[in-house]
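# Structural overview for review
If you want the building blocks of each chain, they are given just below.
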Amino acid sequence: MKLNRQIALVTGGSRGIGRATALAFAAEGADIAFCHLHDDAKANDTAAEIEALGRRAMHRSVDVSDIAAGRAFAATVEATFGPVDILFNNAGMNIRKPFEAYTEQEFDSILDVHVKGMFFMAQALYPAMVARGRGCIINVASQRALKGAVNASVYSAAKAAIIGFTRSLAWEAAPKGIRVNAIAPGPIVTDLTATMTEADRQAFINALPLGRFGRPEEIAATALLLAGPDGGFYVGATLSPNGGDVMY
Ligand code: NAD
């Protein structure tokens, strides 16, 4: 077991990439706490699957852009399960539209979830990681931070901010025994991409060397690499499983 008896907190764990990662971590021996936004039926299913793997699961509907609520959730997890070993900072959403059409409220809502929520969830768990001299933080960015895309100016800006944040925190945290890295997935079949138009999806697939979207489990495998003993030398890295969409 690569994560035997570790505690992982997954944001956005009810479905998609977060769910697949929660299950991959649980299968390797971790207990899982996760939050999600509403989506209670899928969250209950995910929790049941974690428990079926013989691990503890707890979950709450918590909006990570509400900093006080995120901190309260982190405190509840630490009080219930103990100190968190792995933070998978994954909760996210998107609003697709042309640059000139975004409102200030839309801009703020995207930045608040991806950047502010991610930053302060890490800050909430960081002191206990520092006290124990170990921890692992994985932030989910996107290949759009590396390549950009039409109708994704705010999302791409948020995801690029995540990569900058990851690198800076990695510098501060590594001497304290905490590894911080990012994953920048290519297009993955989830509820998030289900809202794309069929024309957009086909154009995306045509531009991918691999000719298909990825599966959430293919991102979970990268998360497991970064969280587990095989990832011990990754610090401040951005790994991008993306089907060849961005090659670097
Ligand atoms: P999804 O829509 O399937 O799942 C999103 C999860 O985040 C859900 O559990 C949802 O409840 C939760 N969530 C959304 N807003 C939240 C909030 N304010 N507070 C707490 N939880 C919230 O999406 P997904 O495709 O699995 O995306 C997961 C992450 O991966 C996101 O950060 C997304 O930007 C990123 N990503 C996805 C793709 C893709 O193609 N699917 C590609 C690159 C990056």
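Structure's up top.
Residues numbered from 1 in each chain as written. Predicted model: local features only at pLDDT ≥ 70, side-chain atom pairs only at ≥ 80, totals over all residues. Heavy atoms only, no water.

Tallied over the full model, the rule gives 4 aromatic pairs. Ring centres 6.2 Å apart and planes at 75° place the aromatic pair F25 and F88 in the edge-to-face group. Taken as a pair, F25 in helix α1 (residues 16–27) and F88 in strand β4 (residues 86–89) lie far apart in primary sequence, 63 residues in all. Judged by relative accessible area, F25 falls into the buried class, the value being 0%. Judged by relative accessible area, F88 falls into the buried class, the value being 0%. With 5.7 Å between their ring centres and 75° between their planes, F204 and F213 make a pair best called edge-to-face. In this pair, the class of F204 matches that of F213, namely buried. Three or more aromatic residues joined by ring pairs make a cluster, and in this case those are F119, F120 and F165. (Phe/Tyr/Trp six-rings, centres within 6.5 Å; stacked < 30°, edge-to-face > 60°. Helix = DSSP H or I, 4+ residues; strand = E, 2+ residues; numbered from the N terminus. Buried < 20%, exposed > 50% of the residue type's maximum accessible area, 1.4 Å probe, protein only.)

The computed volume of the largest pocket comes to approximately 790 Å³. Lining the largest pocket are 39 residues, with N90, A91, G92, M93 and L192 sitting closest to its centre. Within the residue set of the lining of the largest pocket, elements represented by two or more residues are α1, β2 (31–36), α4 (104–132), α5 (143–147), α6 (153–173) and α7 (191–194). Split into classes, the residues belonging to the lining of the largest pocket amount to 17 nonpolar, 15 polar and 7 charged. (1 Å grid on protein atoms, 1.4 Å probe; cavity = no way out; pocket = protein on both sides within 12 Å on 5 of 7 lines; lining within 4 Å. Points joined across faces, edges and corners; volume = space filled by probe spheres on them. Nonpolar A, V, L, I, M, F, W, Y, C, P; charged D, E, K, R; others polar.)

Turning our eyes to something else, we now look at the pairing of strand β3 (residues 57–61). Regular strands show a simple pattern: their side chains alternate between the two faces of the sheet. Across 5 bridges, β2 lies against β3 in parallel orientation. Bridge pairing links F34 to H59 in β3. (Pairing = 2+ DSSP bridges.)

As a further point, take the site of the ligand. The immediate surroundings of the ligand are formed by 29 residues, with S14, N90, Y155, I188 and T190 found nearest. Between R15 and the ligand, the recorded distance is 2.9 Å, taken from a side-chain N or O atom to an oxygen atom. Here N90 contributes a backbone N or O atom positioned 2.7 Å from an oxygen atom of the ligand. Here the ligand has 820 Å² of accessible area as a free molecule, and 97% of this is covered by the chains. Because more than half of its atoms lie within 2 Å of the grid, the ligand is assigned to the largest pocket. When residues of the shell around the ligand are assigned to their parent elements, the largest contribution, 3 residues, is made by α7. A per-class count over the shell around the ligand returns 13 nonpolar, 12 polar and 4 charged. (Near = heavy atom within 4 Å. Polar contact = N/O pair within 3.5 Å; in protein donor to acceptor, adjacent residues only side chain to side chain. Areas by Shrake-Rupley, 256 points an atom, 1.4 Å probe, with all protein chains shown as cover. Sits in = over half its atoms within 2 Å of the grid points.)

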